[in-house]
Amino acid sequence: MTENLNEQKLARCIECANFAGRRRDHRAFLFKTGRGYCDAPEHAGGPWNVVQDIVGIHPCKHFVQADPDTVNSRRRALEHYGLRNK
């Protein structure tokens, strides 16, 4: 990866490849509340870093665009759980 990690991007976690989703939140316990794990290893909390708002737009230096099918699946899941898809 040749990206500059100090560069902040405005992004939604549900659109990021680093968002763990069901890989780590198997029963959607966090997802149902609009939170989730971020698998970017650079976070201070390491693998246990929980993002508190996965739908809102945030500055993030770890953002990597997820594939469109994954993003669409996450958006449908948000609607299923009654979360606002901003």
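The preceding data block contains the structure.
Worth saying up front: this structure is predicted, and the values here are computed from it rather than measured. (Residues numbered from 1 in each chain as written. Predicted model: local features only at pLDDT ≥ 70, side-chain atom pairs only at ≥ 80, totals over all residues. Heavy atoms only, no water.)

### Focus: the side chain of Arg74
Note the following rule: A helix here means a DSSP run of H or I that spans at least four residues, while a strand means a run of E at least two residues long, and both kinds are numbered starting from the N terminus. For each residue, the accessible area found with a 1.4 Å probe, counting protein chains only, is set against the maximum for its type, and the residue is called buried under 20%, exposed over 50%, and partly exposed in between. Positive charges come from Lys and Arg alone, negative charges from Asp and Glu alone, with His and the N- and C-terminal ends not counted. What makes a salt bridge here is a side-chain nitrogen of Lys or Arg within 4 Å of a carboxyl oxygen of Asp or Glu, nothing more. Pairs of residues are marked as contacts when any of their non-hydrogen atoms sit within 4.5 Å.
In this fold, Arg74 is placed in helix α1 (residues 68-80). One buried charged residue, Arg74, forms no salt bridge at all, with the nearest opposite charge on Asp67 at 7.3 Å. Apart from residues no more than four positions distant in its own chain, Arg74 is found in contact with Cys13, Ile14, Glu15, Cys16, Phe19, Phe31 and Ala66.

### Section: the packing of aromatic side chains
How we decide: Geometry of aromatic contacts follows a simple scheme: Phe, Tyr and Trp rings, the Trp one being its six-membered ring, pair when their centres are within 6.5 Å, and the pair is stacked under 30 degrees between planes, edge-to-face over 60, tilted otherwise. In our convention, an over-ring charge means Lys NZ or Arg CZ found within 6 Å of a ring centre and within 35 degrees of that ring's normal.
This structure, assessed with the given rule, holds 3 aromatic pairs. With a centroid separation of 6.4 Å and an interplanar angle of 45°, the aromatic rings of Phe19 and Phe31 are classed as tilted. In this pair, Phe19 is assigned in the loop between β1 (9-12) and β2 (36-37) and Phe31 in the loop between β1 and β2, connecting sequence segments 12 residues apart. For the residue pair Phe19 and Phe31, the accessibility class agrees, reading buried in each case. An aromatic cluster is built from Phe19, Phe31 and Tyr81, whose rings are joined through pairwise contacts. Here the guanidinium or amino end of Arg24 rests over the ring plane of Tyr37, the centre of that ring lying 4.1 Å away. The lysine or arginine in question, Arg24, covers the ring of Trp48, its NZ or CZ lying 5.1 Å from the ring centre.

### Considering the layout of surface pockets
Quick note on the threshold: Space inside and on the surface of the protein is sampled on a 1 Å grid over the protein atoms alone, with a cavity defined as a set of points where a 1.4 Å probe fits but cannot get out and a pocket as an open set with protein on both sides within 12 Å along at least 5 of 7 lines; lining residues have an atom within 4 Å of a point. Grid points are joined across faces, edges and corners, and a volume is the space filled by probe spheres set on the points. Gly is put with the polar residues, along with every residue not named as nonpolar or charged; the nonpolar set is Ala, Val, Leu, Ile, Met, Phe, Trp, Tyr, Cys and Pro, and the charged set is Asp, Glu, Lys and Arg.
A volume near 200 Å³ is recorded for the largest pocket. Contributing to the lining of the largest pocket are 15 residues, with Cys13, Cys38, Val51, His58 and Cys60 lying nearest its centre. For the lining of the largest pocket, the secondary structure elements donating two or more residues are β1 and β4 (57-60). Counting residues per element, the lining of the largest pocket draws most heavily on β4, which supplies 3 residues. Considering only residue class, the lining of the largest pocket consists of 9 nonpolar, 4 polar and 2 charged. There is about 170 Å³ of room inside the second largest pocket. Lining the second largest pocket, in full, are Phe19, Gly21, Arg22, Asp25, Ala28, Phe31, Thr70, Ser73, Arg74, Ala77 and Tyr81. For the lining of the second largest pocket, the residue count by class is 5 nonpolar, 3 polar and 3 charged.

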